[in-house]
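Now for the letters of each chain:
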Amino acid sequence: MKPWTASVRRYPHFDPVISAAEAEAVATDPARVVTHTFYPFLKYDEGWTLFAEKGKRGKRKDRPIRFAARLDSCIFSYYRYFLSAPYEAILQAERLSSSVIAYRRIPKPGGSGGQSNIDFALSAVQAIQIQGDCCTIALDISSFFETLDHNRLRDVWADLLGVSKLPADHFRVYQAITRYAFVDVVKAYTRLGYYGDKADRNGKVKPGYLKARKDIPVQLCDGRTFQEKIARSATQSSIIEVNKLGMGVPQGAPLSDLLANAYLLEFDKYLRDTCDKLGGCFFRYSDDILVIAPISETDAVQLEKEIRGAIATYGKGLLIKEEKSAIHRFDVQGDRQAVRTIKATDKDGKSMQNKPFEYLGFRYDGRHTFIRDKTMSNLHRKIASVCRATAIRQVKRYQGKLINDILDLTNVEKVMQAFGSVEDFHVKAADYRSWTFTTYAKRASKTMGALGKPISRQIGNLRAAIRRRLEYELNRASSF
């Protein structure tokens, strides 16, 4: 295990930027951690619209993300590192290393880098193929991070350390990650004068950033201003909120993912023992659980019910909703597996007779894997949205010009960068942050080999589709 080193980020927050050496000096000194005052997290909602049939409005889903101040983040990161060693040792001893796959660095078989969701999806499909005639049970834990019981979490933490009571520094970090304070980022920016009502180019007044993002200081304010405008003062009420629910850890904090994993250790053991008896296996990627076993349809339905009941026993406060579960049957027929849906519902709770088997963004039809249909549909919707915005902007800029002339003046390559191929894929694909959809799809196709052959066809005409859509949107925009 590599030694821990501090990484000090330069995103806007309440605290000043310090050197990595200063951060390490605080984070690794228990006495300084005990007396450290943690700043409130900054909170925003990461939202997206769920897939819906054409002509219908998809339901919006929001995930609350909270990110810590720089030094606080380094402290959380160090204690994650500290706790990961005993947690990894337990996973190894309990034969869980290949089943608990989220938030961990799992080396590739060849030793070149860590596995991604592509590799995990491939492992699941290969496990189904090895089982032959079998059933799969997919389950989802509701509001995972938000419902972790604090008392249970403290016991889990102590168990990792092999103690009955948390040491003072660990208890201080435990308090900061459970009874945490947070401030809505828009409220904070409004109080500090970085966000508010402003007129757009058409004179319409609407809320927005009053400064360019690059001009917002890395340290949002000094200590006095923090007390006057964020915390309670003589003239303004505090906008700091505190989690007093007795449950939940902030998703986005460096320590939260390891704690969430460790919280389910007893549940993971239950799943292991259950699968051992049946001759099956399981994978848990955070709150997504997949069980694969050579059992009948009737037994699969019963097992799904038993697992939902077991989460209450082994994961205090957690819930697996029946309507989010799906059961599929696989039967070997020649060189493929026939797939049937045994039990599945849509987002409205209605039964789905032909719901495809999907896992971690991929669909398996018994012979090949594909990027799931919802992902492809959402991609083309995004293409349409970006092309529409680009077309409107270009038509306004080049009023009176012909469509073909505007298309020639449009940087089509720039539009394609968000979706299309990236030069030097073999170099950039190792860093997921530089991936576009195409590099991701190519990596998936390459990783899955013959199994993922259809993926190349799914993206084969993407560049032509983007150009056609842009030309369509230019014609549409010019007709208004």
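Residues numbered from 1 in each chain as written. Predicted model: local features only at pLDDT ≥ 70, side-chain atom pairs only at ≥ 80, totals over all residues. Heavy atoms only, no water.

Quick notes on the overall build of the chain
Put simply, the rule is: Labels follow the DSSP assignment, with helices taken as runs of H or I lasting at least four residues and strands as runs of E lasting at least two, numbered in each case from the N terminus. Here the globule rule is a power law, 2.2 Å times the number of residues to the power 0.38, and the radius of gyration is based on C-alpha atoms. Any two residues whose heavy atoms approach within 4.5 Å at even a single point are treated as in contact. Surface exposure here means Shrake-Rupley accessible area, sampled with a 1.4 Å probe, where a residue is shielded only by the protein chains that are shown.
Secondary structure summary: the chain contains 18 helices and 14 strands in total. By the compact-globule yardstick of 23 Å for 480 residues, the chain fits well, its C-alpha radius of gyration being 25 Å. Viewed in the frame of its principal axes, the chain has a C-alpha envelope of about 70 × 65 × 45 Å. In the chain, once contacts between residues fewer than 6 apart in sequence are set aside, the share between residues at least 24 apart is 67%. Surface exposure of the chain reaches about 25300 Å², of which carbon and sulfur atoms provide 49%.

Details of the sheet that holds strand β9 (residues 288-293)
Short version of the rule: Strand pairing follows a simple DSSP-based rule, namely that at least 2 bridges must link the two strands. For helices, the fitted axis covers only the stretch in contact; all axes are lines through C-alpha atoms, and the angles between them, taken along N-to-C directions, range from 0 to 180 degrees.
The strand order β8-β9-β3-β10-β11 describes an open sheet built from five strands, whose pairing is antiparallel. Two strands bound the open sheet, and with one partner strand each, they are β8 (281-285) and β11 (336-343). Averaged over neighbouring strand pairs, the angle between their axes works out to 20° when direction is ignored. One ladder, built from five bridges, connects β8 with β9; its direction is antiparallel. Pairing of R284 across the sheet is with I289, part of β9.

Quick notes on the pattern of salt bridges
Using the following cut-off: One speaks of a salt bridge when a side-chain nitrogen belonging to Lys or Arg is within 4 Å of a carboxyl oxygen belonging to Asp or Glu. With a 1.4 Å probe rolled over the protein chains alone, any residue whose accessible area is under 20% of its type maximum counts as buried; one over 50% counts as exposed, and the rest are partly exposed.
Here the structure, examined in full by the defined rule, presents 25 salt bridges. Taking the shortest distance from any N to any O, the salt bridge between D268 and R284 comes out at 2.8 Å. You can see D268 sitting in helix α10 (residues 265-278) and its partner R284 sitting in strand β8, a full 16 residues away along the chain. Take D268 and R284: they sit in the same class, and that class is buried. A salt bridge links E322 to K343; its shortest N-O distance comes to 2.9 Å. Placement of the pair is E322 in the loop between α11 (297-314) and β10 (326-333) and K343 in strand β11, with a sequence separation of 21 residues. With a relative accessible area of 41%, E322 lands in the partly exposed category. The network of salt bridges with shared partners includes E94, E266, K269, R272 and D273.

A look at the packing of helix α4 (residues 117-131) against helix α16 (residues 437-448)
Put simply, the rule reads: In this scheme the crossing of two helices becomes right-handed for a clockwise turn of the near helix relative to the far one and left-handed for an anticlockwise turn of less than a right angle. Charged residues are taken to be Asp, Glu, Lys and Arg, nonpolar residues to be Ala, Val, Leu, Ile, Met, Phe, Trp, Tyr, Cys and Pro, and polar residues to be all remaining types, Gly included.
In contact at an axis separation of 10 Å, α4 and α16 are set at 35° when each is read in the N-to-C sense. The way α4 lies across α16 gives a crossing that is right-handed. On α16, the residues that touch N117, I118, D119, A121 and L122 of α4 are Y440, R443, A444, T447 and M448. Tallied by class, residues from the contact of α4 with α16 come to six nonpolar, two polar and two charged.

Focus on the packing of helix α5 (residues 150-161) against helix α6 (residues 168-178)
One can describe the packing of α5 onto α6 by two numbers: an axis separation of 11 Å at closest approach and a directional angle of 145°. Between α5 and α6 the crossing geometry is right-handed. Contact residues: H150, N151, L153, R154, W157 and L161 in α5; H170, F171, V173, Y174, I177 and T178 in α6. Class assignment for the residues of the contact of α5 with α6 results in seven nonpolar, four polar and one charged.

Some details on the side chain of Q394
Here Q394 shows up in helix α12 (residues 373-397). Leave out the neighbours within four places in its chain, and Q394 touches I406, L409, T410 and L474.

Section: the sheet that holds strand β14 (residues 369-371)
Across the sheet, which stays open at both edges, the three strands sit in the order β12-β13-β14 with antiparallel pairing between neighbours. In this open sheet, the two edge strands, each paired with only one partner strand, are β12 (357-359) and β14. Strand after strand, the sheet turns through a mean of 35° between neighbouring axes, direction not considered. Bridge count between β12 and strand β13 (residues 362-364): three bridges; the pairing is antiparallel. Across the sheet, residue Y359 finds its bridge partner in β13, namely F362. Across the sheet, α4 is in contact with β12, β13 and β14; its angle to β13 comes to roughly 15°.

Looking at the confidence of the model for the chain
For clarity, the threshold we go by: Per-residue confidence from the predictor is given as pLDDT, running between 0 and 100.
Per-residue confidence for the chain gives a mean pLDDT of 89, with 92% of residues at or over 70. Within the model, the stretch residues 423-433 combines pLDDT values under 50 with 11 contacts to residues more than four positions away or in other chains.

Things to note about the nonpolar core
Note that soluble globular proteins tend to have their nonpolar side chains buried in a common cluster. Rules: Residues belong to one nonpolar core when they are buried, are Ala, Val, Leu, Ile, Met, Phe, Trp, Tyr or Cys, and are joined through side-chain atoms within 4.5 Å.
I75, F76, W157, F267, V291 and I307 are the most contacted members of the largest nonpolar core, which has 66 residues in total. Here this core gets nine residues from one element, more than from any other, and that element is helix α3 (residues 70-93). Ignoring anything within four residues of it in the chain, the contact list for W157 reads L83, L166, H170, V173, Y174, I177, L255 and L259.

Notes on the pairing of β10
The buried fraction of β10 is high, at six of eight residues. In the sheet, strand β3 (residues 134-140) pairs with β10 via five bridges, with the strands oriented antiparallel. Residue pairing for β10: T136 is matched across the bridge by H328. Across seven bridges, β10 lies against β11 in antiparallel orientation. Bridge pairing links I327 to K343 in β11. Count of turn residues in the β10/β11 antiparallel hairpin: two residues, of which G334 carries a positive phi of about 65°.

Some words on α4
Basically, it comes down to this: To estimate how far a helix should reach, multiply one less than its number of residues by 1.5 Å.
A rise of 1.5 Å per residue sets the reference length of α4, with its 15 residues, at 21 Å; its end C-alpha atoms lie 21 Å apart and thus fit the reference within 8%. Inspection of α4 places I118, D119, F120, A121, L122, A124, V125, A127 and I128 among the buried residues, and these make up the whole buried set. Looking at the residues trailing α4, positive phi occurs at G132, about 75°.

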